[in-house]
Amino acid sequence: MSDILQAIKNRRATKKFDPSYKIPESELTAILDAARHAPTAYNIQNYRFLVVRDAEQRRKIRAAAWDQPQVEDCAALIVMCADIKAWEKDPGRYWKDAPEAVRQQYVGMIRQYYEGREQVQRDEGMRSCGLAAYAIMMAAAAHGLQTCPMDGFDFAEVSKIINLPADHELVMFVALGKEAVAPQPRGGFLPLDAVITYDRFA
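From a predicted model like this one, the values you see are computed outputs, not experimental measurements.

Colleague: Would you explain the environment of threonine 40 in this entry?
Modeller: Tracing the sequence through the fold places threonine 40 in the loop between helix H2 (25–35) and strand E1 (47–52). Spatially, the C-alpha atom of threonine 40 lies 24 Å from that of histidine 143, the residues being 103 residues apart in sequence.

Colleague: Would you take a moment to explain the environment of glutamine 105 for this structure?
Modeller: The topology assignment puts glutamine 105 in helix H5 (residues 100–114). For glutamine 105, a relative accessible area of 46% corresponds to the partly exposed category. It is 9.7 Å that separates the C-alpha atoms of glutamine 105 and glycine 92, two residues lying 13 residues apart in sequence.

Colleague: How should helix H3 (residues 55–63) be read in this particular structure?
Modeller: Three- or four-residue spacings in an α-helix give side chains the same orientation, since the helix completes a turn every 3.6 residues. Taken as a whole, H3 has its buried residues at Arg58, Ile61 and Arg62. The arc that holds every buried residue of H3, seen down its axis, measures 100 degrees, which confines them to one face. With a side-chain oxygen lying 3.1 Å from the backbone nitrogen of glutamate 56, the N-terminal cap of H3 falls on aspartate 54.

Colleague: What am I meant to see in the pattern of salt bridges here?
Modeller: It is possible for side chains of opposite charge to pair when their charged atoms get near one another. A full pass over the atoms with the stated rule returns 12 salt bridges. Measuring nitrogen to oxygen at the nearest pair gives 3.4 Å for the salt bridge that ties glutamate 25 to arginine 53. A residue pair is termed long-range when its members are at least 10 positions apart, and glutamate 25 in helix H2 and arginine 53 in the loop between E1 and H3 qualify at 28 residues. On the basis of relative accessibility, which here comes to 45%, the residue glutamate 25 falls in the partly exposed class. What makes arginine 53 exposed here is its relative accessible area of 61%. Among the ionic contacts, a cluster of salt bridges with common partners joins Arg48, Asp83, Lys89 and Asp167.

Colleague: In this structure, what is going on with a nonpolar patch on the surface? I would like to understand it.
Modeller: Residues Leu190, Leu192, Val195, Ile196 and Tyr198 make up a contiguous nonpolar surface patch of about 580 Å² in total accessible area. Tracing the chain through its elements places leucine 190 in the loop between strand E4 (168–177) and helix H8 (192–195).

Colleague: Looking at this structure, how should I read the nonpolar core?
Modeller: Nonpolar side chains in soluble globular proteins generally cluster together in the buried interior. Counting residues in hydrophobic clusters, the biggest one holds 26 residues, and the most contacted among them are Ile23, Ile78, Met80, Ile136 and Val174. Of all the secondary-structure elements, those providing two or more residues to this core are H2, strand E2 (76–83), helix H6 (118–142) and E4. At 7 residues, H6 tops the list of elements feeding residues into this core. Beyond its immediate chain neighbours, meaning those up to four positions away, methionine 80 contacts Arg48, Phe49, Cys129, Ala132, Ala133, Ile136, Glu169, Leu170, Val171, Met172 and Val174. Listed in part, the 20 residues of the second largest apolar core include Phe17, Val52, Met150 and Leu170.

Colleague: Whenever I open this one, the sheet that holds E1 confuses me. Can you help?
Modeller: Paired through their backbone hydrogen bonds, the strands of a sheet run either parallel or antiparallel. One open sheet accounts for 4 strands, arranged E1-E2-E4-E3; its pairing is antiparallel. Every other strand in the sheet has two partners, leaving E1 and strand E3 (146–150) as the edge strands with one partner each. Each strand axis lies, on average, 25 degrees off the axis of its neighbour in the sheet, ignoring direction. On the sheet, H6 packs against E1, E2, E3 and E4 and is oriented at approximately 10 degrees with respect to E4.

Colleague: Help me understand unusual backbone geometry in this model?
Modeller: Trans peptide bonds make up most of the peptide bonds, and negative phi angles are found at most residues other than glycine. Even without a glycine there, the phi angle at glutamine 45 is positive, about 50 degrees. Checked against the element boundaries, glutamine 45 lands in the loop between H2 and E1. Of note, the phi angle at aspartate 67 is positive, near 60 degrees, even though the residue is not glycine. Within the secondary structure, aspartate 67 sits in the loop between H3 and helix H4 (70–73). On the basis of relative accessibility, which here comes to 48%, the residue aspartate 67 falls in the partly exposed class.

Colleague: Please explain the state of the cysteines as it appears in this structure.
Modeller: Chemically, a disulfide is nothing more than a covalent bond linking the sulfur atoms of two cysteines. All told, the structure shown has 0 disulfides when counted by the stated rule. Here cysteine 129 is not disulfide-linked; the sulfur of cysteine 81 is the nearest cysteine sulfur, at 7.0 Å. Note on cysteine 129: relative accessible area 0%, which makes it buried. Distance from the sulfur of cysteine 148, which forms no disulfide, to the nearest cysteine sulfur (cysteine 74) is 8.8 Å.

So, how was this worked out
Residues numbered from 1 in each chain as written. Predicted model: local features only at pLDDT ≥ 70, side-chain atom pairs only at ≥ 80, totals over all residues. Heavy atoms only, no water. Helix = DSSP H or I, 4+ residues; strand = E, 2+ residues; numbered from the N terminus. Buried < 20%, exposed > 50% of the residue type's maximum accessible area, 1.4 Å probe, protein only. Arc of directions from axis to C-beta. Polar contact = N/O pair within 3.5 Å; in protein donor to acceptor, adjacent residues only side chain to side chain. Salt bridge = Lys/Arg side-chain N within 4 Å of Asp/Glu carboxyl O. Patch = residues over 30% accessible without salt bridge, like charges linked within 9 Å, V, L, I, M, F, W, Y side chains within 5 Å. Areas by Shrake-Rupley, 256 points an atom, 1.4 Å probe, with all protein chains shown as cover. Core = buried A, V, L, I, M, F, W, Y, C linked by side-chain atoms within 4.5 Å. Contact = heavy atoms within 4.5 Å. Pairing = 2+ DSSP bridges. Axes fitted to C-alpha atoms, helices over the stretch in contact; angles between N-to-C directions. Disulfide = S-S within 2.5 Å.

Any functional reading would require information beyond the geometric quantities listed.
So, in structure tokens, the structure goes:
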């Protein structure tokens with residue numbers, strides 16, 4: 001447990017990665033495999049991980065990301081996308097290992113909850129990707145790597161570059177690799193009583 005707590009406390013946004021570091025494919029797969037265990041409502045697993053490996057794609061994305069060098073210098077650039085319509089794409093597959101009665105129950109619940117509720121579909125996708133992104137960051141830390149969560153880019157332009165499907169939503173990037181320069185000192189944290197409230201707001 002202490003390792004997990006330490007990883008949470010030590011996590012920083014790495015802005016300068018070692019561009020010479022190449023992540024082994026097996027290691028990247030292990031990180032993404034861990035992240036796909038992040039929770040999703042009704043187990044619909046509506047996060048999608050686009051791994052950008054092509055150098056020209058990275059160059060284009062960097063140009064759409066205010067020329068931030070970590071886009072090209074990181075060992076792996078993960079574009080986090082939400083499949084907004086995952087709920088209606090063969091929902092039985094999300095419960096394929098459950099007893100038939102349970103599977104049918106959840107298929108009905110999924111349809112009842114999401115059908116006709118576009119804002120809920122989008123909101124759930126955003127939540128799912130946020131949870132999965134943090135799982136990627138923690139899994140990367142377990143492999144001795146550093147990460148940088150990013151939303152500083154032109155969403156419309158990046159969507160064009162990656163050919164984002166119409167029923168997907170672009171959420172954020174997670175860049176990961178070996179840091180080349182230690183991050184700046186922390187800016188500081190609010191006191192606990194500024195962020196914790198009990199029962200109701202005053």
